[in-house]
Structures are given as C-alpha cells and as structure tokens.
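Residue-level listing of the chains:
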Amino acid sequence: MENKDSFFDFLDGTVGPVIVRPGEETRRKHLEAMEKEMIRLRRIRYRNRGLGVLGALLIASIFMVIFLKGGIETSTERHGVNSSELSQLNPVRGEKGVQPASLSTPENGMESNVRSNSDNHETGESGPDISDPSTTKLVVGESSGKIVRKMESTNISRTDIPSGRIDMIHPLQMKPSTHFILGSELGSSQIRPVPDVIVSGISDMEQEERKGVSRKKLRLPGFSFGLNYTPEYMFNTLDQTDKLVHNTGLEIAWRKGPFTLRTGLSLSVATGVTELAYHFNENLGVMQKLDSVVFVFDANGRKIVPSWFFSDQQVFDTAEDVSVSRIRKRYMYLQIPLILGYDFLEMERISFGLRAGPVLQILTSTRQLDNEPDYQNNRIIRINQLTPGRLTTHWQALFGLNVSVILSRRLSLEAEPHVKYYFNSVYEKAATTGKPWSIELRTALIYKF
Amino acid sequence: MKNEQELIKRCIKGDGRALATFYDSYAPILLGACLRYVATRSDAEDILQEAFIKILHNLPRFEYRGEGALVAWMRRIIVNLALNFLRKKGKNLLIDEQILYHEAENRALEEEATGELTPDEIHQLISELPVGYRTVLNLFVFEKYSHSEIAELLGCSESNSKSQLLRARALLKKNMMILMSNKEYIPVYGK
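Values in this document were obtained by computation on a predicted structure and should not be read as measured data.

1. Considerations on the overall build of chain B
Counting its secondary structure elements, chain B contains nine helices and zero strands. Put simply, chain B runs from its N terminus to its C terminus through helices and strands in the order α-α-α-α-α-α-α-α-α. Going through the 191 residues of chain B one by one, you find that 35% of them count as buried. A fraction of 70% describes how many contacts in chain B between residues 6 or more apart in sequence connect residues 24 or more apart.

2. Observations concerning the interface of chain B and chain A
In this complex, chain B contributes 40 residues to the contact, which on the side of chain A involves 37 residues. Counting only elements with at least two residues in the side of chain B that touches chain A, the list comes to helix H2 (16–35), helix H3 (41–58), helix H4 (69–88), helix H6 (119–127), helix H7 (131–142) and helix H9 (158–180) of chain B. Here the side of chain B that touches chain A gets ten residues from one element, more than from any other, and that element is H2(B). Broken down by class, the residue content of the side of chain B that touches chain A amounts to 20 nonpolar, eleven polar and nine charged.

3. So, the packing of helix H8 (residues 147–154) of chain B against H9(B)
Residues and elements named next belong to chain B. The N-to-C vectors of H8 and H9 enclose an angle of 105°; their axes lie 8 Å apart at closest approach. What the angle tells us is that H8 and H9 run roughly perpendicular. Here His147, Ser148, Ile150 and Ala151 of H8 come into contact with H9, specifically with Glu158, Asn160, Ser161 and Lys162. Its residues assigned to classes, the contact of H8 with H9 comprises two nonpolar, four polar and two charged.

4. Description of the nonpolar core
Residues and elements named next belong to chain B. One finds Leu30, Cys34, Ile47, Leu48, Ala51, Ile78 and Ala82 to be the most contacted residues of the largest nonpolar core, which totals 31 residues. Ranked by residue count, the leading element in this core is H2, at ten residues. The residues touching leucine 30, leaving out its near neighbours within four places in the chain, are Leu48, Ala51, Met74, Arg75 and Ile78. Judged by nonpolar contacts, the second largest core, of 21 residues, contains Leu125, Tyr133, Phe140 and Leu165.

5. Comments concerning the pairing of strand S10 (residues 259–298) of chain A
Residue and element names in this part refer to chain A. Summarising the sheet, strand S9 (residues 244–256) and S10 pair through eleven bridges and their orientation is antiparallel. If you follow threonine 248 over to S10, its bridge partner there is leucine 267. Following S9, the chain reverses through two residues before pairing antiparallel with S10; glycine 257 in that reversal takes a positive phi of roughly 60°. Sheet topology places S10 next to strand S11 (residues 303–346); 35 bridges connect them, and they run antiparallel. Paired with glycine 285 across the strands is valine 315, a residue of S11.

Cut-offs and rules
Residues numbered from 1 in each chain as written. Chains lettered and ligands numbered in written order. Predicted model: local features only at pLDDT ≥ 70, side-chain atom pairs only at ≥ 80, totals over all residues. Helix = DSSP H or I, 4+ residues; strand = E, 2+ residues; numbered from the N terminus. Buried ≥ 20, exposed ≤ 12 C-beta atoms within 10 Å, placed from the backbone. Contact = placed C-beta atoms within 7 Å. Nonpolar A, V, L, I, M, F, W, Y, C, P; charged D, E, K, R; others polar. Axes fitted to C-alpha atoms, helices over the stretch in contact; angles between N-to-C directions. Parallel < 35°, antiparallel > 145°, perpendicular 65-115°, else oblique. Core = buried A, V, L, I, M, F, W, Y, C linked by C-beta atoms within 7 Å. Pairing = 2+ DSSP bridges.

Here is the structure:
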C-alpha cells in the first residue's frame, strides 16, 4: 500500500467501519422502492424474453416464406408450363381444358402428352378461354417430314398463370428425332419441335445440358440457404493463448447475375482469460474473545465464583496482501453479417468471387470456466479486475475471396478465406495498442431454392 | 458464504423476504460508508436508496468471489454514488488550495499524535474536514483505494491525490491535538 503509515493504520484500526442503522420509516420507504423496482425489472425481463421469442418466430417465418416462395417458383421454372397453359393446349375441344391436354399427330402416330398434376385441372377452371382467337392460335410445324400441330399462345403473361405443374411424358412410340419443348423454358410461350430426345430418368443437369441451356444456368438467380462453419484466428488481443474463435451459423443469400447479397445469424464462441487482483487480509487464526463474566456467590464456600464466557473471533493480519488470479471465461457472440459479393470468374463447376461487408457482433452470454480461487478464511477487502471487460456490441469489416464448387443443381460448397478488421476493440477500455483483426476460413454448404 | 449466495439468488428472483433480509444485513454498513462522504443523513439515505436500486439492477451480473466480495462491491457502488452526489452539489473534490497549511506547525504536531480520542470523536473530526480532504482520506484509508484509482475516480492527477492526502492527514492531526489538549476547538473549515 502506497504512503501507508502508522497514523493511517491508527485511524483505520480506531474508527473502523461505521455502522449506522437506517430509521424504521426510511427502511420501509427503501424496501417499498426496492420491491417496486424488482417488479419493474421482472416485467422488463419478461418483455425481453417475449421480444426474443417473437424475433425468433419472425425470422423463422421469413425463412419459411422465402423457402415456400422459392420452391413454387422453382417448380414452375423447371417445367415451364402449368395448368393454365395446359388448358390452352387443347385445340380439339376449343374450350376450357376439361381433360388433360394432348397434342397429337395422328398421321405418324407421334404423340406428346402433357398431363396436369394440379388437382383442379378437370374442373377446367384455370386458364384463359382458348376459344378466344386473340390469345391463342394454332401453329403448324414440321417434324420428321410430317406436319405437326401445336398451340401458340401469344398474349399470356407469366403473372396471369396460376401455379401448377405438369409432367412431360415421352411415349414409347415417339420417334427419337422428335419431341416438343414447351416454349416458356426457352423464354417464350411457344411449343417447338427440337431435334433431341427428352429421356425420363436422367439427371437434371444432364437434361439442362441436353436442352442446350447455358452452363451458367447452373447458377440460377434467386435465394439460397446455407450452413457454415468458420474458424477464426485473432491478432492484437490481450490474451496470447486463446486466439482461436469458432463461428457457426445459418445464412441466406440472394443472387442476381454475378452479384450476391448474403446475411444470416452466426454463433461465435471465444475464450479469454480475466485477471483479477484480490486484496485481502490474511487470516491468522481464531482467538477467544471474552464476552462477559458472571460472578456467583458460593454460599457454601463463602466466596465469589466467576464464570467466563468466551466466543471465537477470527484474527486477520493488518497488512494487505494482493494475489492475482487468472480465470478463463467463455464468451458467446451473435453475429449478423451483411456481405456483398461479386463473382469475377465463373467456370463450369467452379467460380471465384470477392466478398466484403460489415458484421455486427453482439455479446450474448459469458460463462466462467474456472473455479474461483479459494481464499479460505481470509478477509477480502476488494477485487480489482485487471483485464478490461468485453464490449457487448462491436462492428467488424470483412474482406474475402470466395471459391464456390457446384456439386449439383441445388447443392454447392463454398470456401472463403477472410480478413476481418474490428472497428472498435472487443474490450471496454483500449487495452491494446492496435485494433484487433483476424483471419478466418468460412466453409459452407449451400442449398439453392 | 453459502447463505450470502443463496440470499443473492433469492433477491434476483424477487423474493420479498430475501430483499428485506438483504437490506437489513447491508444497509447499516453502506449508510455508514456513505456518511463518511456526505454530510447530512437525509442525503446519505437518499443515496442509500439509489444504491440499493442500482445493486438490484446489477445483482444478476455480480460474480460471487468469496466472503467480503459482495460488501466490497456494494461499498464501491455507494462510494461512487456519493462522489457523484458531491459533484452534482458543486462540491470541489479536488485540491482546495484555500486551506491554510503550515508545514512547520504540522511537522511538530505529527510527532505528538496520541490515541486518547474516542472513535466517535475521530470520526467527527474527519467529517469536519473539507470535502476534498475528507474524500481522499476516506478513499485511501478506509476504502483502500490506491492513489491511481483515486486520481481516476476524482479526475485529478496522482500527485494531486497524494498531496491532498498529506494535507488531510496534517489537518486531522492538528485538530486532534487541539481537541486532546482541551483547547477551545473551533472547526475552521466548512464541510
């Protein structure tokens, strides 16, 4: 203790702690205020929990909506025609599709059936009236030297088409050189014969390639969902031992052309050591303190007999000792990234791109991993935390290189080495000379809706 | 102490009886600590209430580290609140240069310090010291703060804190000597 002298010891020993009991009225007033405050705090806790649950539900519903929407759009895109278009493909009856539409060339026995999977196709309620000549016309084409007929719908926009799904069936009697691709797969609403065969049972990717779809079509625009794991190694931190941070989370990305926008939620687990300086008076043992003496007159012996009553009292050294303890703590953060990406090189199955954006990190929980040091009977005077506490919120900037490997039409793997710069320190006080920064490797499995 | 930990847990849950026990156990110590800094009892009681509210707020985050830790933590809270109160009241917590101080006189007095005063009398003399002196003396002697911590708390330099402590010590000794020698004692310096 600096500048400690005998006079201060004398003061400390003589005056000691002052005990002043509050009056009864004050006590009542204070307890009332404390109880009110406890009720208020409990309400705040319940409200926060409720908001947390609502937030989680909101995020879950957003994911579900996006997922469902993505699923329906994908279904329509893949097959290129739906029940309303189907109803237009019935040139024979000239009325709303009452039965599954059929295009046939009776002359050579070739037949391409288009069958609707929608439950209500038999009611004929879906789709515009094909008897209207302004919207539908019959187109005659040539296939294998024969005349074939098909319907060309001219004025039907995609938004007019209710959702539904049909399957293309390639009949056994169909000649290998002839089949129809529904026009919407090619960007128009025409049906054209193409010199290739659609064979059921082959993979989606092979179908795409056989249809002449560009390889870039493998990277379809729209939403994707991913799971990631990212080990991170930090620099410029106080702790020289626990620099490895583990991050894992869910992400959702939106892609248009070579650009992607990605966000999500990640959990980040970091460990660190907190140094605490314990100031204490050492326990020297127990002394017997005389509480009272009772004198009893012994009539027989004609003498006064004293009775001594003692109690144990702990004795502490007046010198102040300091002991520094290192306690490991686990910090759990919630990370919310907003990453913008640009793919500068796209090959058949692999692409390379740049990623950059901010990441918000929020400290959600702190858990102590080590036990408290045992100071037994020593009297703790005060505890100073030498290591500064951690900030609850801080921002980072992320820059990275993305390598994406396409496994199938829907699945892909991504590896992304990052450099992350922390705009503000993770500590409450500026404990290090420079801002922390880190390198990390994000690995993710991506599912395309 | 397990009882202390149990009491903390029950207070966090909002148990009314536990709150009363908690208050009865620690309010006297905290009020006593507060009265070292604040002159009037009503002000000290207001600060005590504010301190308990703040303690309740932060109790879930308090990490129990053994016997004495809770009291030390609460004392720190109430001392900070008392210092804030003094600042708001416009009290100068830094060096009060207007105090008359004679080095020679005090050097002589220091050599004669004895312990013939009662604790209440000494406490009274401390409470009559100027606010700045009293604050530094209390923080250093009774709260065991270091000069660097006092400097940070009061927003002054370490050397300022040291010199203020030295002057507080000398003035207190002088007043003690006056009181002991049964001279007419007049508290010259206001609170």
